Amino acid sequence: MHIGFIGTGAITEAMVTGMIGSGLGIAEILVSPRNAEIAAQLAGRFPLVRIARDNQEAVDASDVLFLAVRPQIAEEVIPRLKFRKGQTVVSVIAATDRTRLLNWIDEEVDLTQAIPLPFVAEREGVTAIFPPSRDIAAIFEALGTPVECETKEEYELLAVASALMATYLGILDQATGWFAEKGVGRDKARAYLAALFASLAQRAVRDGETPLDMLTRAFSTPGGLNEQVLMDFDRGGGHRALTDALERVLLRVRGSGG
């Protein structure tokens, strides 16, 4: 299988890193030369990676082509390319409507949209794809766990979910800084909190049949410290700020605002 990438940024780097040695049966990976530094690093690290002369060569030589350019330049880059009828194309471009992508491609391709996260480099994490595709799901299964969305609306909502990563780490950073100010070493505070958050996430995954509000109550003894922080967070507007932010991201994903 020959795989090509149009766009050579962080997600391309993560996907290529995860694909190498994944057992996917890859004969060659072509990366576009736009980001020369990352392209050179990948070609230097992995013998299977070759830097294409230009974007069109990556299109022409690929059995599976990944569109991984930034959304701000997608309309400039994609319409200049000539695709093959029936070609397998996977777009990992964020917040870009499927109809717009197909208009830019201007050919009857087999288009799948996907939201790979940086964890694919370690073949971990989860990737939402739409529409369901056995072949594309198999690629992302080699890189972690694929979630095949049945509807465009479902896919858009999972795209919103992926926007929570920086907020999650921001909360960890804020709490770590507070403990450091109070006298706990920053490294020690980070190690404790990161492990605590990881354990909570693992509990939510392991007890997948248990409603999250029940898990929340299980960790909130009446009158206890966890309940106090949760109530203060809510009174301070934390929950409203979160849902408002998610609503704004959903508007952007659907092309209705930003």
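Residues numbered from 1 in each chain as written. Predicted model: local features only at pLDDT ≥ 70, side-chain atom pairs only at ≥ 80, totals over all residues. Heavy atoms only, no water.

**Q** I keep staring at the overall build of the protein and nothing clicks. Help me out?
**A** Looking only at helices and strands, one finds twelve helices and eight strands in the protein. A principal-axis box enclosing the C-alpha atoms of the protein has dimensions of 65 × 40 × 30 Å. Considering the protein as a whole, with its 258 residues, one finds that 37% of them fall into the buried category. A separation of at least 24 residues holds for 50% of the contacts in the protein among residues at least 6 apart in sequence. Of the accessible surface of the protein, which amounts to about 15000 Å², a share of 54% is contributed by carbon and sulfur atoms. (Helix = DSSP H or I, 4+ residues; strand = E, 2+ residues; numbered from the N terminus. Buried < 20%, exposed > 50% of the residue type's maximum accessible area, 1.4 Å probe, protein only. Contact = heavy atoms within 4.5 Å. Areas by Shrake-Rupley, 256 points an atom, 1.4 Å probe, with all protein chains shown as cover.)

**Q** How should the nonpolar core be read in this particular structure?
**A** Counting residues in each nonpolar core, the largest one holds 30 residues, and the members touching the most others are Phe-5, Met-15, Val-16, Met-19, Ile-29, Phe-66 and Phe-140. Not counting chain neighbours up to four residues away, the residues in contact with Ile-29 comprise Ile-3, Phe-5, Val-16, Met-19, Ile-20, Leu-48, Val-49 and Arg-50. Counting residues in each nonpolar core, the second largest holds 21 residues, with Ala-52, Leu-67, Leu-101 and Ile-105 among its members. (Core = buried A, V, L, I, M, F, W, Y, C linked by side-chain atoms within 4.5 Å.)

**Q** Before we go on, may I ask you to explain the environment of Gly-177 in this structure?
**A** The topology assignment puts Gly-177 in helix α8 (residues 165–181). Separated by 38 residues in the primary sequence, Gly-177 and Leu-215 have C-alpha atoms spaced 27 Å apart.

**Q** Is there a simple way to explain the pairing of strand β8 (residues 145–148) in this structure?
**A** Pairing geometry for strand β7 (residues 126–130) and β8, over four bridges, is parallel. What sits directly across from Ala-128, in β8, is Val-147. In this view, the connection linking β7 to its parallel neighbour β8 by way of helix α6 (residues 134–141) has right-handed handedness. (Pairing = 2+ DSSP bridges. Right-handed = clockwise from strand over helix to strand, strands pointing away.)

**Q** For this particular structure, what's the right way to read the pattern of salt bridges?
**A** A side chain with one charge can pair with a side chain of the opposite charge if their charged atoms come near. Under the criterion given, the structure shown has eleven salt bridges. One salt bridge in this structure joins Glu-57 and Arg-53, with 3.3 Å as the shortest N-O distance. Assessed through its relative accessible area of 11%, Glu-57 is described here as buried. With its nearest N and O atoms 3.9 Å apart, the salt bridge here joins Lys-85 to Glu-108. You can see Lys-85 sitting in the loop between α4 (71–77) and β5 (88–91) and its partner Glu-108 sitting in the loop between α5 (98–105) and β6 (110–115), a full 23 residues away along the chain. The class of Lys-85 is exposed, set by a relative accessible area of 63%. Through salt bridges that share partners, Glu-28, Arg-50, Arg-53 and Glu-57 make up one connected network. (Salt bridge = Lys/Arg side-chain N within 4 Å of Asp/Glu carboxyl O.)

**Q** Looking at this structure, how should I read unusual backbone geometry?
**A** Residues other than glycine predominantly adopt negative phi, and peptide bonds predominantly adopt the trans conformation. The linkage connecting Phe-130 with the following residue, Pro-131, adopts the cis geometry, with an omega of -5 degrees. Tracing the backbone through its elements, the reader meets Pro-131 in the loop between β7 and α6. In the Ramachandran plot, Ala-95 falls in the positive-phi region, its phi being about 50 degrees despite a non-glycine side chain. The residue Ala-95 is located in the loop between β5 and α5 in this model. Accessibility expressed as a relative area gives 37% for Ala-95, which makes it partly exposed. The residue Arg-123 is not glycine, and still its phi comes out positive at about 60 degrees. Mapped onto the secondary structure, Arg-123 falls in the loop between β6 and β7.

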